[in-house]
Amino acid sequence: MARPTNQIEKIIDFYENGLGLEKIGEFHGHDGYDGVLFGAPGHSYHLEFTQCEEPMELPCPTKEHLLVLYIPNLFELQKMVHKLAVMGYREVEPENPYWGRGGVTIEDPDGWRIVLMNTAGI
């Protein structure tokens with residue numbers, strides 16, 4: 001997934017320090033863009049956030065645009081939720097009630113929703 005932002009430093013803080021994702025790459029001044037990549041080394045997927053030199057009009061997320069992270073360890077999930085709350089990111093009510101059963105929904109700095117789901121995944 002790649003997504004633009006106008007506040008890359010807040011995005012980095014949220015995903016790296018709040019969610020604990022690993023920064024696996026970054027670039028600066030590449031054809032007018034800065035960017036950061038988060039993921040897990042050795043895996044073929046990552047999240048990429050880019051910021052243009054000039055602020056841009058960004059797409060508006062809906063309450064159903066979700067990034068779901070499966071976290072089987074409830075204690076680890078609760079630590080993440082607490083850390084994010086201390087950083088100012090509080091739980092929001094999910095649009096779909098399914099995500100409230102075993103999950104916590106939080107909006108990132110741009111308003112995109114992250115679901116921290118307390119299961120091992122699909």
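Residues numbered from 1 in each chain as written. Predicted model: local features only at pLDDT ≥ 70, side-chain atom pairs only at ≥ 80, totals over all residues. Heavy atoms only, no water.

### Describing the packing of aromatic side chains
- Evaluation of the coordinates by the stated rule reveals six aromatic pairs.
- Ring geometry for Phe14 against Tyr89: centres 4.9 Å apart, planes inclined by 80°, an arrangement best described as edge-to-face. Here Phe14 is found in helix α1 (residues 8-18), whereas its partner Tyr89 is found in the loop between α2 (74-86) and β6 (91-92), with 75 residues between them in sequence.
- Grouping aromatic residues by their ring pairs yields a cluster made of Phe14, Tyr15, Phe38, Phe49 and Tyr89. (Phe/Tyr/Trp six-rings, centres within 6.5 Å; stacked < 30°, edge-to-face > 60°. Helix = DSSP H or I, 4+ residues; strand = E, 2+ residues; numbered from the N terminus.)

### Thoughts on the pairing of strand β4 (residues 46-52)
- The sheet contact formed by strand β1 (residues 2-4) and β4 spans three bridges and is parallel. Following the sheet pairing, Arg3 is matched in β4 by Phe49.
- Sheet topology places strand β3 (residues 33-39) next to β4; seven bridges connect them, and they run antiparallel. The residue bridging Leu37 from the neighbouring strand is Glu48, located in β4.
- Two successive antiparallel strands, β3 and β4, enclose a turn made up of six residues, where Gly42 displays a positive phi of approximately 90°. (Pairing = 2+ DSSP bridges.)

### What to know about the nonpolar core
- Among the nonpolar cores identified, the biggest contains 22 residues, and Phe14, Tyr15, Leu19, Ile106, Ile114 and Leu116 are the most heavily contacted of them.
- For this core, the secondary-structure elements that each account for two or more residues are α1, β3, β4, β5 (66-70), α2, β7 (103-107) and β8 (113-117).
- Those residues in contact with Phe14 that lie beyond four places of it in its chain are Leu19, Leu84, Met87, Tyr89, Ile106, Glu107, Asp108, Pro109 and Ile114. (Core = buried A, V, L, I, M, F, W, Y, C linked by side-chain atoms within 4.5 Å. Buried < 20%, exposed > 50% of the residue type's maximum accessible area, 1.4 Å probe, protein only. Contact = heavy atoms within 4.5 Å.)

### Section: the sheet that holds β8
- Sheet architecture is open: four strands sit in the order β5-β8-β7-β6, paired in mixed fashion. Since the sheet does not close on itself, it has two edges, and those belong to β5 and β6, each with one partner.
- Relative to β8, β5 is paired through five bridges, and the arrangement is parallel. Within the sheet, the bridge partner assigned to Leu66 lies in β8 and is Arg113.
- Set on the sheet, α2 makes contact with β7 and β8; between it and β8 the angle comes to about 150°. (Axes fitted to C-alpha atoms, helices over the stretch in contact; angles between N-to-C directions.)

### Describing the sheet that holds strand β2 (residues 22-30)
- The strand order β1-β4-β3-β2 describes an open sheet built from four strands, whose pairing is mixed. This sheet does not close on itself; its edge strands, each paired only once, are β1 and β2. Along the sheet, successive strands turn relative to each other by an average axial angle of 15°, direction set aside.
- One ladder, built from six bridges, connects β2 with β3; its direction is antiparallel. Opposite Glu22, over in β3, you have Gly39 as the bridge partner.
- With respect to the sheet, α1 is in contact with β1, β2, β3 and β4, its orientation differing from that of β3 by roughly 5°.

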